[in-house]
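# Structural features, examined
Here is what each chain is made of, one letter per residue.
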Amino acid sequence: LKLKFCENVRSVICVTHDDIINVFITINARSLCKDVEIIARCSDKSVAKKLKLAGANHLIMPEEIAGLLSAVYIGQPVAFEALQAILTQKRTARIDEAEIKLGSFLDGATVGDFDFSANRLILLAILKRLESSDRKSHYVIFNPAEETKLKAGDILVVMGYSVSIADFKGRLEHSVRFKTRDA
């Protein structure tokens, strides 16, 4: 049984509502396999120490998480709403990336030339390709200024509704195809 357990299981998640049962599951899982990753839920901080001693790699404390989220909501309600929409996938808000292709309408433009908010998008960052390196090396500009120059190879990190992101990516792609046909 021990051999089969270790071969087939990479992680164990202990999320019953009873902290003692979660400790028991953690002890048994760890005794069967030293390398298995164990994630355990607990409500009591004194039990958290016991779970760590029993071999849990990660702890989930729902009451503590709820308290932290409440503090964020009080201090930054707009940020909280955006985060909640992403985490719960309500309104299909998400974060995605779009690469600026050679000849697209953003190639050679500045950040301020495109009205992201009117298109229901938030520009979070730009991954700018390093001039003297391969295609995979970038540096990041968070919350870029409106005068930041955009060029082919830059990757825009945007947040918005799925439909807004799809429309934006489609417009980027269409502008490249349109210019290629005219050339």
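### A closer look at the packing of aromatic side chains
- Applying the stated criterion to the full structure yields four aromatic pairs.
- Taken together, the ring pairs in this structure connect Phe105, Phe114, Phe116 and Phe168 into an aromatic cluster.

### With respect to the sheet that holds strand β2 (residues 37-41)
- Here three strands make up an open sheet; going across it, the order is β1-β2-β3 and the pairing parallel. The two strands at the open ends of the sheet, each matched to only one other strand, are β1 (11-14) and β3 (58-60). Taking the axes of each pair of neighbouring strands and ignoring which way they run, one obtains an average angle of 15 degrees across the sheet.
- Pairing geometry for β1 and β2, over four bridges, is parallel. Among the inter-strand pairings, Ile13 is bridged to a residue of β2, identified as Ile39.
- Helix α3 (residues 45-54) contacts β2 and β3 of the sheet and is inclined by roughly 150 degrees relative to β3.

### With respect to the pattern of salt bridges
- Following the criterion strictly, the structure yields four salt bridges and no others.
- Close ionic contact of Asp154 with Lys128 constitutes a salt bridge, the shortest N to O distance being 2.6 Å. With Asp154 in the loop between β6 (138-142) and β7 (155-161) and Lys128 in strand β5 (residues 121-129), the pair connects residues that are 26 residues apart, well separated along the chain.
- In this structure Asp154 comes out as buried when scored by relative accessible area, which is 0%.
- By relative accessible area, which is 9% here, Lys128 ends up buried.
- Put simply, Asp167 and Arg171 hold a salt bridge, and the shortest N to O gap is 3.5 Å. Placement of both Asp167 and Arg171 in helix α6 (residues 162-182) is noted, with a separation of four residues, approximately one turn of the helix.

### A short note on the nonpolar core
- Counting residues in hydrophobic clusters, the biggest one holds 16 residues, and the most contacted among them are Leu106, Phe116, Leu123, Leu150, Leu156, Val158 and Phe168.
- Those elements that provide at least two residues to this core are β5, β7 and α6.
- By size, the runner-up hydrophobic cluster in this structure holds 15 residues, among which are Val23, Ile38, Ala40 and Met61.

### Section: the packing of helix α2 (residues 19-32) against α3
- Running from amino to carboxyl end, α2 crosses α3 at an angle of 10 degrees, the nearest separation of the two axes being 9 Å. Our classification of the angle between α2 and α3 gives roughly parallel. Both α2 and α3 take part in a crossing whose hand is right-handed. Along its contact with α2, which presents Asp19, Asn22, Val23, Thr26, Ile27 and Arg30, the element α3 presents Val47, Leu51 and Ala54.

### Digging into the side chain of Arg41
- By secondary structure assignment, the location of Arg41 is in strand β2.
- Despite its burial, Arg41 pairs with no opposite charge; the closest candidate is Asp19, at 4.2 Å N-O.
- A polar atom in the side chain of Arg41 sits 3.4 Å from the side chain of Ser43.
- In this structure Arg41 touches Cys14, Val15, Thr16, His17, Asp19, Asn22, Leu51, Ile60, Pro62 and Glu63, once residues within four positions along its chain are discounted.

### Observations regarding the pairing of β7
- By the criterion of burial, β7 is predominantly enclosed, with six of the seven residues buried.
- Pairing between β5 and β7: six bridges, direction antiparallel. Residue pairing across strands places Leu121 opposite Gly160, the latter belonging to β7.

Rules behind the numbers
Residues numbered from 1 in each chain as written. Predicted model: local features only at pLDDT ≥ 70, side-chain atom pairs only at ≥ 80, totals over all residues. Heavy atoms only, no water. Phe/Tyr/Trp six-rings, centres within 6.5 Å; stacked < 30°, edge-to-face > 60°. Pairing = 2+ DSSP bridges. Helix = DSSP H or I, 4+ residues; strand = E, 2+ residues; numbered from the N terminus. Axes fitted to C-alpha atoms, helices over the stretch in contact; angles between N-to-C directions. Contact = heavy atoms within 4.5 Å. Salt bridge = Lys/Arg side-chain N within 4 Å of Asp/Glu carboxyl O. Buried < 20%, exposed > 50% of the residue type's maximum accessible area, 1.4 Å probe, protein only. Core = buried A, V, L, I, M, F, W, Y, C linked by side-chain atoms within 4.5 Å. Parallel < 35°, antiparallel > 145°, perpendicular 65-115°, else oblique. Left-handed = near helix turned anticlockwise from the far one by under 90°. Lys, Arg positive; Asp, Glu negative; His and termini not counted. Polar contact = N/O pair within 3.5 Å; in protein donor to acceptor, adjacent residues only side chain to side chain.

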